[in-house]
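Notes for the structure review
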Amino acid sequence: MQNKGLIKLFAFLFGLVSIYQLSYTFITSRLEDEAETYATARIPSTEENYVAEREALEARYLDSIGDNTILGYTTYNEAKKKELNKGLDLKGGINVTLQISVKDILKGLADNTRNPVFNKALADADQASKNSDDTYLNLFFEAFDNIKGDTKLASPDIFANKGLSDEINFQMTDDQVKPIIRRKIDESIVSAFEVLRERIDGFGVTQPNIQREGTSGRILVELPGARDIARAQDLLSSTAQLEFWETYEPGNQPLINFFIQANEQLKTLVEDSEEEQVKEASEIDTLLSDVAQDSLDLTAERNPLFEKLQLNGPGFAIGIAAIKDTAQIGSWLRMPEIRRLLPSEVQFTKFLWERPSQNSEVAALFALKSNREGVPRISGDVVSDARDQFDQFNRPAVGMDMNVRGAKEWEKLTNEANLNNTGIAIVLDNKVYTAPGVSQVGGISGGSSEITGTFTVNETKDIANVLRAGKLPASAEIIDSFVVGPSLGQEAIDSGFTSFVIAMVFVLIWMFFYYGKAGIFSDIALVFNIVLIFGVLASLGAVLTLPGIAGIVLTIGMSVDANVLIFERIKEEVHKGKGKGQAINDGFNNALSSILDANITTGLTALILLVFGSGPIKGFATTLIIGILTSLFTAIFVTRLLVDWYISGKGRSLTFSTAITKNLFQNVNINFLSKRKIAYVISAIIVTAGVASLFTQGLDQGVDFVGGRNYQIRFIDPVNPSEITNDLTAVLGSASAKTFGDANQIMVTTKYKVDAQGTEVDDEILGILFNTLQKYLPDGATYEDFVPGGTNEDIGVMKYRKVGPTIADDIKKNAVWAVLGSLAVVFLYILLRFRKWQFSLGAVAAVFHDVLIVLGVFSFFSAYMPFSMEIDQAFIAAILTVIGYSLNDTVVVFDRIREIVSEKGFNAGININEALNSTLSRTLNTSLTTLVVLLAIFIFGGETLRGFMFAMIVGIIVGTYSSLFIATPVMFDTLKEKISKKNR
């Protein structure tokens, strides 16, 4: 081998840099363990809310030592920025995909026009977006072009308005306007991206990740380690639409008359079934009974509105109601036939609920003075600064400063409120945070104000944070979310590490057992390979996920393949009578072609996964690609350096087998091709049965592909999933529960309100789950114990996933394209590499065969296996890996066939049989090693990976079989026909 000195230097530096990069992870891990020990020793588990208290103490401990020098070259704060990033499934936290509403941006650019053509085009685009991959903007332009008639985008009441007058004029054509609107939309999405990034920076999570997804208007946000899930969701989805409104004076008679008339009207509108609901006595009723009620005789008959709403609320509120009834009351007050009852002097009244205090069961209703356009007196864009502080009673509050324009408007508004005896409602995202009166005559000057209420310190920090960052230019809907509790993340680390160690130990022992001293050198190269993989991940800032660990463990199994190929070729050269030095040199050279072909085909499928996958699947693809590259380097160069070093010593003898394995697979002469028709029949039966199952039973599609929500819920004692399914179906309408791992853990899937967005729906479903499943929880378990990241890490929701129907459709289409794309790319590669389409046909036929069998197995056995066999993105990753592995095996076989046939000729398939027999040792060795590695992950890697690993185990077994009995026979039969015609 040439340039040994350069390779040694490179290997040394590569290893040194990797160890240096990993040192930061070791440092942070050690210090965080110390902080956890410190907090655990000082706060006993008997203390109330001990989990949160321990977390706070850990944070203070790490802050106190954050800038202390460690080992003379770093500090904890610096090391934290450079440590190996752990994904949500290993660290806990939240991953969301936000959809910035392009519709809202368009309406804003058109100045909220009432133009019927414009609004009809928006409605048509809404409908089309449900079944299209195209962007909302393109769908809007298409819808507008279909119905516009003589109307132009540059109409004065659409985009040629005052706000866009510098760029769009009345004479412009639609083709001239469209690029401007595209640019404005993109600028708004960039603005939303920056606003979210500023908010996240103020949230206090280490290693947050935020990125745009092309031009779709989607923004991916990942907050690993975030424990307060509800707080994180509110921070991300809040538009920060701050508004200041004047309330009506208490006891406003026109409004009271309106509510009386509305109640009478609702008697005829509300269905009998709703009117006959029995009110249950509760603490809420007691609270409501304490509220002063106007002297109305409401006892004679049913009163739909007044049974839920009590008039004369506290302060400047018009009324008060139970939180559970606010949605119903709000829908009644928005009904056109009810709105028409408003007297002329209050006809534009805007009704908003207060933001209830924590643990409150009631909320106040405010009536705000509005106008025909629904525009507030002052909007949040006048706020120049915001900060969290404490009010005069030492309660958490938010202080605000306004610009010059805002200060003048604020003084005018507060003066009017003082004169009219009204309040100033401070509204954030359509929730009234506070509505104080104004006692200062002449109004408040200077533009400073304060938001008070029943806040926690974290809440005031978040409100100040979003106000400083500014409002989002449009609403941001969470269309995909993935939440993992911290305790589940630690379990994933433990199970992943266990499977990793077991797989590693097995491979090291097996290589030594099979190849003797040479196996030790491959073991050294393998350990070095693992160091390099983790070092590269750390240096690139890549995120390590649980599927990523699976990718690394799979790399262990597959990286053995290169050494097996090399050692088997060296043994062949030795059997030909060559000297050790020449045999080693020729063995490495002859194996190089097969090694490169096999790894390139696997690498291509990994690249496709990287392009089409998302989240953890990208982590799997990243580690697989890095593993392939480092495996090539260590197998080809590091192993060679070690072997050459050893044989260069005097009196040293190196064998590539042991006494037990020396004659294994020697002089094997199986006539594979003669058995191809039997193999065709067996495969046809299995594939046909699988396809029949696919058509009759189908596949158990996960929420990734059909939309919905699923929740991994843990109890203390075993539970009956059928019983839970019945309980949840009664309240959610659509729900299923399956045992997930141990008998005390279930996975609940529901499509309840799958089209609805907003954190309110998420909270509603969590509340329903808690109330329905409370009888299965320990006595005294609270809602706070039940939610993800709650106060009890042993029970409740460990993880949940929400996927909107639109993004589910996109995920499904991406999955299909990923599989088809990988087949096409590999077909072309093999065609270019082997120059005969028969080889490509054989390889692709084998891959189709393998994929259909895996799909059939999942379809047929999904109802019988004791683990989840849902079809999701992880399953697609497994399918693509099976494709890569199957091709890896097939290409090695084809490479040997090409080599032997080119030397000895076709000879009616005799030489093809020889090639198959000569690679049998390598095929079985690699397959067995990889299979045992996968079994280690399957058994010890945790429930989340079980279905993923099962797909790969089936794929490896079937792939090994197909490379011998499908790919080669198909190639042989088609090539034989061509040769026969040529001879004739």
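What you are looking at is a predicted structure, and each value in this text was computed from that prediction instead of being measured. (Residues numbered from 1 in each chain as written. Predicted model: local features only at pLDDT ≥ 70, side-chain atom pairs only at ≥ 80, totals over all residues. Heavy atoms only, no water.)

**Some details on the overall build of the protein**
Within the protein one finds 32 helices and 23 strands. In the protein, buried positions account for 53% of the 984 residues. Counted over contacts in the protein with a minimum sequence separation of 6, partners at least 24 positions apart contribute 73%. (Helix = DSSP H or I, 4+ residues; strand = E, 2+ residues; numbered from the N terminus. Buried < 20%, exposed > 50% of the residue type's maximum accessible area, 1.4 Å probe, protein only. Contact = heavy atoms within 4.5 Å.)

**Here we look at the sheet that holds strand β8 (residues 309-311)**
Spatially, β8-β9-β11-β10 is the arrangement adopted by the four strands of the open sheet, whose pairing is antiparallel. Two strands close off the open sheet at either side, each with one partner strand: β8 and β10 (350-353). Taking the axes of each pair of neighbouring strands and ignoring which way they run, one obtains an average angle of 25° across the sheet. Contacting β8, β9 (319-322), β10 and β11 (362-368), helix α13 (residues 326-333) crosses the sheet at an angle of about 175° to β10. (Pairing = 2+ DSSP bridges. Axes fitted to C-alpha atoms, helices over the stretch in contact; angles between N-to-C directions.)

**Some remarks on the pattern of salt bridges**
Scanning the entire structure with this criterion turns up 28 salt bridges. One salt bridge connects Glu34 with Arg30, and the closest N-O pair in it is separated by 3.2 Å. With Glu34 and Arg30 both in helix α1 (residues 4-42), this residue pair falls four residues apart, about one helical turn. A relative accessible area of 42% places Arg30 in the partly exposed class. The shortest N-O distance in the salt bridge between Glu568 and Lys571 comes to 3.5 Å. Linking Glu568 with Lys571, this pair stays in helix α19 (residues 546-575), spanning three residues, or about one helical turn. Judged by its relative accessible area of 7%, Lys571 is buried. (Salt bridge = Lys/Arg side-chain N within 4 Å of Asp/Glu carboxyl O.)

**Concerning the confidence of the model for the protein**
When pLDDT is averaged along the protein, the result is 79; 85% of the residues meet or exceed 70. In this model, residues 272-284 is a region of pLDDT below 50 whose contacts with residues beyond four sequence positions or in other chains number 14 contacts. (pLDDT = per-residue confidence, 0-100.)

**With respect to the side chain of Asn115**
Mapped onto the fold, Asn115 is located in the loop between α5 (102-109) and α6 (116-129). Within polar-contact distance, the side chain of Asn115 engages the backbone nitrogen of Phe118 at 3.0 Å. Residue contacts for Asn115: discarding those within four places in its chain leaves Thr151, Asp157 and Ile158. (Polar contact = N/O pair within 3.5 Å; in protein donor to acceptor, adjacent residues only side chain to side chain.)

**Observations concerning helix α20 (residues 580-612)**
Working note: α-helix, 3.6 residues per turn, so residues spaced by three or four point in the same direction. Relative to the 48 Å expected for 33 residues at 1.5 Å per residue, α20 spans 47 Å between its end C-alpha atoms, a close match to the ideal helical length. At Leu592, α20 is bent by approximately 35°, the largest bend along its length. (Expected span 1.5 Å × (residues − 1). Bend = angle between axes of the 7 residues up to and from the residue.)

**Let's talk about the packing of α5 against α6**
Taken N-terminus to C-terminus, the directions of α5 and α6 make an angle of 175°; their axes are 11 Å apart at the nearest point. Relative to α6, the element α5 lies roughly antiparallel. Side by side, α5 and α6 meet where Lys103, Leu106 and Lys107 of the first sit next to Phe118, Leu122 and Asp126 of the second. In terms of residue class, the contact of α5 with α6 is built from three nonpolar, no polar and three charged. (Parallel < 35°, antiparallel > 145°, perpendicular 65-115°, else oblique. Nonpolar A, V, L, I, M, F, W, Y, C, P; charged D, E, K, R; others polar.)

**A closer look at the packing of aromatic side chains**
Remark: the centre distance and the inter-plane angle together describe each pair of aromatic rings, the angle taken between the planes. Going through the model one piece at a time under the given rule, you end up with 31 aromatic pairs. Here a set of aromatic residues connected by ring pairs shows up, and it is made of Phe506, Trp510, Phe513, Tyr514, Tyr515, Phe567 and Phe656. Directly above the ring of Phe588 sits Arg640, whose terminal nitrogen or CZ lies 4.8 Å from the centroid. (Phe/Tyr/Trp six-rings, centres within 6.5 Å; stacked < 30°, edge-to-face > 60°. Lys NZ or Arg CZ within 6 Å of the ring centre and 35° of its normal.)

**Structural notes on the sheet that holds strand β12 (residues 378-379)**
The pairing of strands in a sheet happens through backbone hydrogen bonds and is either parallel or antiparallel. With antiparallel pairing, the four strands of this open sheet are ordered in space as β12-β7-β15-β16. The open sheet has two edge strands with one neighbour each: β12 and β16 (431-434). Examined bridge by bridge, strand β7 (residues 242-246) and β12 share two bridges and lie antiparallel to one another. Residue pairing for β12: Glu243 is matched across the bridge by Ser379.

**Quick word on the pairing of strand β23 (residues 796-803)**
If a strand is regular, its side chains alternate between the two faces of the sheet. Judged by how many residues are buried, β23 sits mostly within the fold: eight of eight residues are covered. The pairing of strand β20 (residues 708-714) with β23 spans seven bridges and is antiparallel. Paired with Tyr711 across the bridge in β23 is Tyr800.

**Topic: the packing of helix α29 (residues 873-904) against helix α31 (residues 920-940)**
At a minimum axis distance of 11 Å, the contact between α29 and α31 shows a crossing angle of 165°. Regarding the angle of α29 to α31, the classification is roughly antiparallel. The two elements α29 and α31 cross, and the hand of that crossing is right-handed. On the side of α29, the interface is formed by Tyr885, Asn888, Asp889, Val892 and Val893, while α31 contributes Arg922, Thr923, Thr926, Ser927 and Thr930. Counted by class, the contact of α29 with α31 contains three nonpolar, five polar and two charged residues. (Left-handed = near helix turned anticlockwise from the far one by under 90°.)

**Remarks on the nonpolar core**
In this structure, Ile830, Phe875 and Ile883 are the most contacted members of the largest nonpolar core, which totals 125 residues. Grouped together as the second largest cluster of nonpolar side chains are 72 residues, Leu223, Ala781, Val797 and Tyr800 included. (Core = buried A, V, L, I, M, F, W, Y, C linked by side-chain atoms within 4.5 Å.)

**Comments concerning a nonpolar patch on the surface**
On the surface, Leu6, Leu9, Phe12, Leu13 and Leu16 cluster together to form a nonpolar patch covering roughly 520 Å² of accessible area. Checked against the element boundaries, Leu16 lands in helix α1. On the basis of relative accessible area, Leu16 is assigned to the partly exposed category, the value being 46%. (Patch = residues over 30% accessible without salt bridge, like charges linked within 9 Å, V, L, I, M, F, W, Y side chains within 5 Å. Areas by Shrake-Rupley, 256 points an atom, 1.4 Å probe, with all protein chains shown as cover.)

**Side note on the environment of Val404**
Structurally, Val404 is set in helix α15 (residues 404-420). When the C-alpha positions of Val404 and Val382 are compared, they lie 8.2 Å apart, and in sequence the two are 22 residues distant.

**Describing unusual backbone geometry**
Although it is not a glycine, Asn394 adopts a positive phi angle of roughly 65°. The residue Asn394 is located in the loop between β13 (383-390) and β14 (396-402) in this model. For Asn394, a relative accessible area of 59% translates into the label exposed. Positive phi, normally seen in glycine, also occurs at Asn421, with a value near 55°. Relative to the helices and strands, Asn421 is located in the loop between α15 and β15 (424-428).

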